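# Tertiary structure, described
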Amino acid sequence: MIRQSVKVMNSTGLHARPAASLAKIVKKYDSSLILINNGKEIQIKGMMSILGAGVKGNAMIDLICDGQDEHQLMDELKTAFASGFGEKE
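Here's a quick rundown of the structure.

Each value, and the rule that gives it
Residues numbered from 1 in each chain as written. Predicted model: local features only at pLDDT ≥ 70, side-chain atom pairs only at ≥ 80, totals over all residues. Heavy atoms only, no water. Helix = DSSP H or I, 4+ residues; strand = E, 2+ residues; numbered from the N terminus. Buried < 20%, exposed > 50% of the residue type's maximum accessible area, 1.4 Å probe, protein only. Patch = residues over 30% accessible without salt bridge, like charges linked within 9 Å, V, L, I, M, F, W, Y side chains within 5 Å. Areas by Shrake-Rupley, 256 points an atom, 1.4 Å probe, with all protein chains shown as cover. Salt bridge = Lys/Arg side-chain N within 4 Å of Asp/Glu carboxyl O. Pairing = 2+ DSSP bridges. Axes fitted to C-alpha atoms, helices over the stretch in contact; angles between N-to-C directions. Phe/Tyr/Trp six-rings, centres within 6.5 Å; stacked < 30°, edge-to-face > 60°.

In this structure, Asn-38 takes a positive phi of about 55° despite not being glycine. Following the sequence through the fold, Asn-38 ends up in the loop between strand 2 (32-37) and strand 3 (40-44). One non-glycine residue, Phe-85, lies in positive phi territory at about 55°. Summarising the element assignment, Phe-85 is placed in the segment after helix 3 (70-82). Note on Phe-85: relative accessible area 13%, which makes it buried.

Have a look at this one:
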């Protein structure tokens, strides 16, 4: 299990487009992802659980990856968050 804090670069937070991108990344791996926002742990299973987390723009959140490919998942997640999921501000 690995844990990492990341900043949500999108000024609008994890709305539909970045949530869909995040869900697509998570589905590629066997490892599980838990997102921690304001002390609340959310098991990420798909787009609806991401939207339900209510992550605001420029927030700091924690990601916990657990499983056999957790390092690869975390690497891809850090890259996606750093790039703002490809959205131009």
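Let us look at a nonpolar patch on the surface. A cluster of nonpolar residues, Met-47, Met-48 and Leu-51, forms a patch on the protein surface that exposes about 280 Å² of accessible area. For Met-48, a relative accessible area of 66% gives the class exposed.

Along the polypeptide, Arg-17 turns up in helix 1 (residues 16-27). Taking the relative accessible area as the measure of exposure, Arg-17 reaches 59% and is therefore exposed. Sequence separation between Arg-17 and Lys-27 is 10 residues; the distance between their C-alpha atoms is 16 Å.

The next thing to look at is the sheet that holds strand 3. Read across the sheet, 4 strands follow the order 1-4-2-3 without closing on themselves; strand pairing throughout is antiparallel. Looking at which strands have only one partner, the edges of the open sheet turn out to be strand 1 (2-7) and strand 3. Across the sheet, the mean angle from the axis of one strand to that of its neighbour is 25°, orientation sign disregarded. Bridge count for strand 2 against strand 4 (residues 60-66) is 5 bridges, and the pairing is antiparallel. Pairing of Ile-34 across the sheet is with Ile-64, part of strand 4.

So, on to the packing of aromatic side chains. Under the definition given, this model contains 1 aromatic pair. Both rings, one in Phe-81 and one in Phe-85, keep their centres 4.9 Å apart while their planes meet at 70°; by these two values the pair is edge-to-face. Each member of the pair, Phe-81 together with Phe-85, is buried.

This part covers the pattern of salt bridges. Here the structure, examined in full by the defined rule, presents 3 salt bridges. Here Asp-62 makes a salt bridge to Arg-3, at a shortest N to O gap of 2.7 Å. With Asp-62 in strand 4 and Arg-3 in strand 1, this pair connects stretches of sequence that are 59 residues apart. Looking at Asp-62, the relative accessible area reads 17%, which means it is buried. Between Lys-28 and Glu-76 there is a salt bridge, with its nearest N and O atoms 2.8 Å apart. Within this pair, whereas Lys-28 is found in the loop between helix 1 and strand 2, its partner Glu-76 is found in helix 3, the two being separated by 48 residues in sequence. A residue is classified by how much of its surface remains accessible, and Glu-76, at 23% relative accessible area, is partly exposed.

That is the geometry; function is a separate question.
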